[in-house]
Amino acid sequence: MTITRELPAAILLAAGLAIASAGSASADGGLQPAPGELSGTYAYESDTGRANTWVMTPCGPGCADVAVTPVTDPRVVPYGGRALLNNGRWDMTVQYAHAVRCKPPNDNVTVPGTVVFSFEAATLDGSAVNTQTVAACGDPAGATYQSGFSLAKAA
């Protein structure tokens, strides 16, 4: 024998709202922001001493448009890209006329190429891989350079 009982719609609605608004809990019990929620101004600092400002605008769940303004390198013009969330990491690939900066004594030269940014959604720590598309600065086309970076939400 099956016993069924109908619950009033108001109770079901209230239960659904409570579950939906609870957010996601981490292992330590704290609430975490919903994935795909990068929004606002962030300070970028690389382990090579470069600093930039990233302004991120959501473009849907797991998507953020990024506008980058260089702070410490006057040779480099602002650029942008689209970061996509994949398995807990944000990834952004940018084709850029100033992707690689030559080392001294040619440090006044920038080289076109690709920059691949990848960073952890939870910590905002990541890496940037710069690949030059032409031979320059004593290196062949395809030469790559990697650096670490961190992002911090600006107040």
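What you see is a predicted model, and the numbers here were worked out from it, not measured in a lab.

(A) Here's a closer look at the state of the cysteines. Scanning all chains against the criterion turns up two disulfides. Paired through a disulfide, C102 and C137 show a sulfur-sulfur distance of 1.2 Å. Here the residue C102 occupies a position in the loop between strand 7 (89–101) and strand 8 (110–120), and C137 occupies one in the loop between strand 9 (125–132) and strand 10 (144–153), the gap between them amounting to 35 residues. On the basis of relative accessible area, C102 is assigned to the buried category, the value being 5%. Numbered by position along the chain, the disulfide-linked cysteines of the protein connect as 1-2, 3-4.

(B) Broad picture of unusual backbone geometry. Each neighbour pair has its own omega, and for P104 with P105 the value is 10 degrees, a cis peptide bond. Positioned with a positive phi, N87 is a non-glycine residue whose angle comes to about 55 degrees. Its relative accessible area of 76% is what places N87 among the exposed residues. In the Ramachandran plot, C137 falls in the positive-phi region, its phi being about 60 degrees despite a non-glycine side chain.

What counts, and at which threshold
Residues numbered from 1 in each chain as written. Predicted model: local features only at pLDDT ≥ 70, side-chain atom pairs only at ≥ 80, totals over all residues. Heavy atoms only, no water. Disulfide = S-S within 2.5 Å. Helix = DSSP H or I, 4+ residues; strand = E, 2+ residues; numbered from the N terminus. Buried < 20%, exposed > 50% of the residue type's maximum accessible area, 1.4 Å probe, protein only.

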